[in-house]
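The chain contents come next:
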Amino acid sequence: MAADDRARSFERALLAMDRVGARDTLLVAAEGADTLAVAESVVAPALERIGDDWERGAVSLAQLYMAGRIAEQIVSEVLPQVRPADGERPLLAIAVLEDHHALGKRLVLSALRSSGHAVADYGHGVTVERLVQRCREDGPRVLLISTLMLPAALRVREVVDRLALPGPPPVVIVGGAPFRLDPELWREVGADAAGANSAEAIELVDRFMGGAR
Amino acid sequence: MTGEMTSLERVLTTLGHKEPDRVPLFLLVTMHGAKELGMGLQEYFSRGENVAEGQLRLRAKYGHDCLYGILYAALEVEAWGGEVIFRDDGPTNSGEPMIQDVEQIRSLEPPDVATSPVLARTLRAIEILKRDSRDVPIVGAVMSPFSLPVMQLGFEAYLDLVFERPDLFDRLMAVNEELCVAWANAQLAAGATAIGYFDPVSSTTVVTPQAYLETGFKVAQRTIARIKGPTATHFASGLCAGILDDLAQTGTAIVGVSGEEDLAALKRAVAGKLTLLGNLNGITMRRWSADQAEAEVKAAIAAGAPGGGFILADNHGEIPFQVPDDVLHAIAAATRRWGRYPLDWLDA
Ligand code: B12
């Protein structure tokens with residue numbers, strides 16, 4: 001079966017919330033193949049299409065959310081290489097700044113992990129202070145910040161400024177409603193890029209990481 | 001033409017799908033009143049008197065067509081004893097969900113509207129607005145029973161509940177509907193003219209149109225039927241083009257629409273059935289020049305205002321605190337200039 005057909009059947013299984021079917025599709029695909037390539041060619045396109053369908057109103061947010069959760073779980077079982085190792089320095093980290101509503105971040109995190117990225121989750125309701133401290137400790141190469149409220153989005157400026165010294169600072173990718181609704185806001189707060197959805201988050205991460213996982 | 005209409009006449013005329021003297025403008029400012037009173041937001045929201053005074057001063061300043069008796073959306077959760085987080089640069093937010101285990105829903109009871117301090121503060125604000133204003137619509141607000149659970153349970157747990165625990169979902173809706181109806185009617189009794197029914201979870205941003213029919217739609221039909229005054233359903237900038245026909249069947253009179261949808265197409269879809277409220281982008285508004293404000297106002301009027309059935313407002317039902325006064329002045333001035341009916345400049 002071609003990767004594209006596998007992605008289609010993986011997608012169907014995810015939408016039907018059929019964990020077993022989804023897992024089997026991936027197991028077959030992973031046999032004797034480069035596991036990262038499988039994550040990229042089967043899982044990522046399936047999730048991306050579900051994401052597109054959600055944006056068109058054809059799939060509910062609940063299905064997108066469940067699909068992401070199932071994919072993330074299966075990928076870490078079936079493709080153990082992409083499971084983030086304990087104690088390892090993460091190349092990627094994600095947090096929701098100053099807010100307890102974390103669904104957007106959840107979707108992005110599931111998609112990144114499902115496409116083979118090891119991402120440290122710094123959680124939600126994270127203050128500027130705490131986020132800067134975590135980054136100093138871990139030194140991620142890319143920091144993803146999700147926001148829901150405009151005041152929190154504006155405070156990304158403070159995070160960026162405080163991470164500038166002592167360098168080298170991480171690449172900062174932002175997302176969430178305020179950045180979607182104001183396409184110029186990411187520049188204003190000094191971020192390196194903004195993404196409108198999970199697919200764009202993956203694209204941006206790939207761009208800034210130059211293919212590293 | 002004799003004299004100007006009052007704000008109330010203007011709004012009622014447009015609700016009747018006729019053209020009033022000019023396009024009514026709702027500047028839905030919940031926080032700017034604090035600046036007028038020289039207070040921090042937490043202090044401002046701590047007394048209904050402050051909110052009423054803030055609203056009256058803002059209307060005197062900008063001359064728009066409503067008074068807005070709402071504090072913040074996390075208010076029902078606060079009434080329930082849930083955590084809310086105040087900040088001085090933006091709206092009060094709900095904190096960790098008040099329901100940590102969905103089984104709690106079985107014994108959940110609605111808070112008492114008559115004795116809740118935060119609800120009493122809001123009612124006080126509305127009472128004063130009613131006492132001290134004339135011929136201006138006073139807009140109250142409720143969070144819809146269907147949207148409130150995002151703050152009660154957290155979004156993820158709520159999505160699980162909607163699709164996997166129909167029994168507990170029904171029970172939660174029943175409890176939330178009781179609160180919503182009692183709360184809306186208390187605001188109407190205190191002097192509110194109409195109630196904003198905030199229901200972003202019903203938008204196609206969150207649920208598909210089919211899922212809406214099974215869930216948010218039924219909840220809205222049941223709830224709005226028991227609210228003893230006109231309601232305006234607001235999707236808080238979530239998308240709604242795909243559900244407008246059904247929405248009209250919920251008994252609502254007004255729909256608050258997103259800047260991400262084509263206003264002219266929405267107008268064609270609801271003309272004569274629902275009044276549109278919207279749809280200036282509140283997030284970019286922060287950076288608008290006077291010229292841009294004028295251009296945005298003109299574009300919205302051109303798309304939504306012909307024939308009446310249109311109230312100009314932001315697209316979320318709340319203008320961010322960061323939007324400068326100059327921009328609000330520019331919006332108000334442009335509405336007065338370009339919103340005068342008949343809209344002759346449109347044909348030119
Ligand atoms: C549904 C909704 C609600 C619901 C649920 C909110 C929630 N999630 O907790 C309820 C009714 C509770 C609500 C209430 C409020 N809301 Co509201 N709400 C919305 C609405 C319509 C959709 C938000 C949503 O959940 N979308 C679905 C999720 C999955 O999408 P998302 O978070 O955007 O994430 C996607 C992308 O942005 C991206 N992404 C997310 N993070 C990241 C990170 C990176 C790195 C990348 C690349 C991408 C990325 O990927 C995700 C998947 O595609 C938006 C408007 C809108 N059109 O977005 C307003 C909105 C978020 N609300 C807003 C506000 C202000 C509020 C209130 C504060 C109002 C008030 N004064 O009380 C309250 C606060 C409530 C609270 N939490 O305590 C504002 C926030 C901006 C602002 N003005 O400050 C918005 C943007 C409306 C607006 N146009 O102004 N709201």
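Residues numbered from 1 in each chain as written. Chains lettered and ligands numbered in written order. Predicted model: local features only at pLDDT ≥ 70, side-chain atom pairs only at ≥ 80, totals over all residues. Heavy atoms only, no water.

A. Highlighting helix α5 (residues 103-114) of chain A. All names here are of chain A. The terminal C-alpha atoms of α5 lie 16 Å apart, and with 12 residues this matches the ideal 16 Å at 1.5 Å per residue to within 8%. Burial within α5 is extensive, with 10 of its 12 residues counted as buried. Count one or two residues on from α5 and you reach Gly-116, which has phi positive near 100°. (Helix = DSSP H or I, 4+ residues; strand = E, 2+ residues; numbered from the N terminus. Expected span 1.5 Å × (residues − 1). Buried < 20%, exposed > 50% of the residue type's maximum accessible area, 1.4 Å probe, protein only.)

B. Seen up close, the site of the ligand. Lining the immediate environment of the ligand, one finds 42 residues, of which His101(A), Ser146(A), Asn93(B), Ser94(B) and Glu318(B) sit closest. This site is not confined to one chain, since residues near the ligand come from chains A and B. Note that a nitrogen atom of the ligand is positioned 2.7 Å from one of the side-chain N or O atoms of Ser146(A). Contacts to the ligand include Ser94(B), whose backbone N or O atom sits 2.6 Å from an oxygen atom. (Near = heavy atom within 4 Å. Polar contact = N/O pair within 3.5 Å; in protein donor to acceptor, adjacent residues only side chain to side chain.)

C. Spatial organisation of the sheet that holds strand β5 (residues 194-198) of chain B. Residue and element names in this part refer to chain B. Read across the open sheet, the 7 strands follow the order β1-β4-β5-β6-β7-β8-β9; overall the sheet is parallel. Where the open sheet ends on each side, the last strands, each with one partner, are β1 (67-68) and β9 (310-314). Bridge count for strand β6 (residues 231-234) against strand β7 (residues 254-256) is 3 bridges, and the pairing is parallel. Bridge pairing in β7 places His-234 opposite Gly-256. (Pairing = 2+ DSSP bridges.)

D. Representation of the domain arrangement of chain A. All names here are of chain A. Taken domain by domain, chain A comprises domain 1 (3-78) and domain 2 (92-209). Just the C-alpha atoms count here: the centres of domain 1 and domain 2 sit 24 Å apart. On the domain 2 side, the residues contacting the 16 residues of domain 1 number 11 residues. Together, the buried faces of domain 1 and domain 2 total about 1100 Å²; carbon and sulfur atoms form 65% of this surface. Taken together, domain 1 and domain 2 are joined by 2 salt bridges. At the surface where domain 1 touches domain 2, the tally comes to 5 residue pairs in polar contact (both at pLDDT 80 or more). Of all the secondary structure elements, the ones that give two or more residues to the side of domain 1 that touches domain 2 are α3 (35-55) and α4 (61-78). Residues that form the side of domain 1 that touches domain 2 fall into these classes: 10 nonpolar, 1 polar and 5 charged. (Domains from an automatic or database assignment. Contact = heavy atoms within 4.5 Å. Buried area = accessible area lost by both parts, 1.4 Å probe. Salt bridge = Lys/Arg side-chain N within 4 Å of Asp/Glu carboxyl O. Nonpolar A, V, L, I, M, F, W, Y, C, P; charged D, E, K, R; others polar.)

E. Main features of the pairing of strand β3 (residues 142-146) of chain A. Residues and elements named next belong to chain A. Across the 5 residues that make up β3, a large majority, 5, are buried. Both faces of β3 are covered, namely the face carrying Val-142, Leu-144 and Ser-146 and the face carrying Leu-143 and Ile-145. Relative to β3, strand β1 (residues 92-96) runs parallel, the two sharing 5 bridges. Along β3, the bridge assignment pairs Ile-94 with Leu-144. Pairing between β3 and strand β4 (residues 171-175): 5 bridges, direction parallel. Residue pairing for β4: Ile-145 is matched across the bridge by Val-174.

F. Representation of the side chain of Arg87(B) in the model. With respect to the element layout, Arg87(B) can be found in the loop between β2 (84-85) and β3 (93-94). Side-chain polar atoms of Arg87(B) contact the side chain of Glu98(A), separated by 2.9 Å. For Arg87(B), the side chain forms a polar contact with the side chain of Asp89(B), separated by 2.6 Å. With residues up to four places along the chain from it excluded, the contact list for Arg87(B) reads Glu98(A), Pro151(A), Ala152(A), Arg155(A) and Leu41(B).

G. Representation of the nonpolar core in the model. Within the largest apolar cluster, 168 residues are counted, with the highest numbers of intra-cluster contacts made by Tyr158(B) and Ile331(B). Sorting elements by how many residues they give to this core places helix α9 (residues 166-190) of chain B first, with 12 residues. Each of two domains, domain 1 (3-78) and domain 2 (92-209) of chain A, supplies a minimum of three residues to this core. Of all hydrophobic cores here, the second largest spans 27 residues; its members include Ala120(A), Tyr122(A), Leu131(A) and Val132(A). (Core = buried A, V, L, I, M, F, W, Y, C linked by side-chain atoms within 4.5 Å.)

H. Here's a closer look at the interface of chain B and chain A. Tallying the contact residues gives 31 residues for chain B and 32 residues for chain A. Both sides of the chain B and chain A interface together cover about 2500 Å² of buried area, and 57% of this is carbon and sulfur. Ranking the residues of chain B by area buried against chain A places Glu156(B), Ile283(B) and Arg286(B) at the top, with a combined share of 22%. Linking chain B to chain A there are 7 salt bridges. A salt bridge links Arg287(B) to Glu184(A), with the nearest nitrogen and oxygen atoms 3.5 Å apart. Taken together, chain B and chain A are joined by 11 residue pairs in polar contact (both at pLDDT 80 or more). Within the residue set of the side of chain B that touches chain A, elements represented by two or more residues are β3, α7 (149-153), α8 (155-164) and α14 (282-285) of chain B. In terms of residue count, α8(B) provides more of the side of chain B that touches chain A than any other element does, 6 residues in total.

I. Seen up close, the packing of aromatic side chains. Residue and element names in this part refer to chain B. In this structure the tally under the stated criterion is 8 aromatic pairs over all chains. Between the aromatic rings of Tyr-44 and Phe-45, the centroid separation amounts to 5.6 Å while the plane-to-plane angle is 55°, which identifies the pairing as tilted. Here Phe-146 and Tyr-158 contribute two aromatic rings whose centre-to-centre distance is 6.1 Å and whose plane-to-plane angle is 65°, an arrangement assigned as edge-to-face. Placement of Phe-146 in the loop between β4 (138-143) and α7 and of Tyr-158 in helix α8 is noted, with a sequence separation of 12 residues between them. One exposure class covers both Phe-146 and Tyr-158, and it is buried. Within the aromatic cluster, the residues linked to one another by ring pairs are Tyr-44, Phe-45, Tyr-72 and Phe-86. Just above the ring of Trp-338 sits the side chain of Lys-298; from NZ or CZ to the centre is 3.8 Å. (Phe/Tyr/Trp six-rings, centres within 6.5 Å; stacked < 30°, edge-to-face > 60°. Lys NZ or Arg CZ within 6 Å of the ring centre and 35° of its normal.)

J. Highlighting a negative patch on the surface. Residues and elements named next belong to chain A. Together, Glu-48, Asp-52, Glu-55, Glu-200 and Glu-203 line one region of the surface with negative charge. Looking at the negative patch, the elements with two or more residues in it are α3 and α11 (198-209). Position of Glu-203 among the secondary structure elements: in helix α11. Judged by relative accessible area, which is 55%, Glu-203 ranks as exposed. (Patch = residues over 30% accessible without salt bridge, like charges linked within 9 Å, V, L, I, M, F, W, Y side chains within 5 Å. Areas by Shrake-Rupley, 256 points an atom, 1.4 Å probe, with all protein chains shown as cover. Lys, Arg positive; Asp, Glu negative; His and termini not counted. Charge placed at Lys NZ, Arg CZ, Asp CG, Glu CD.)

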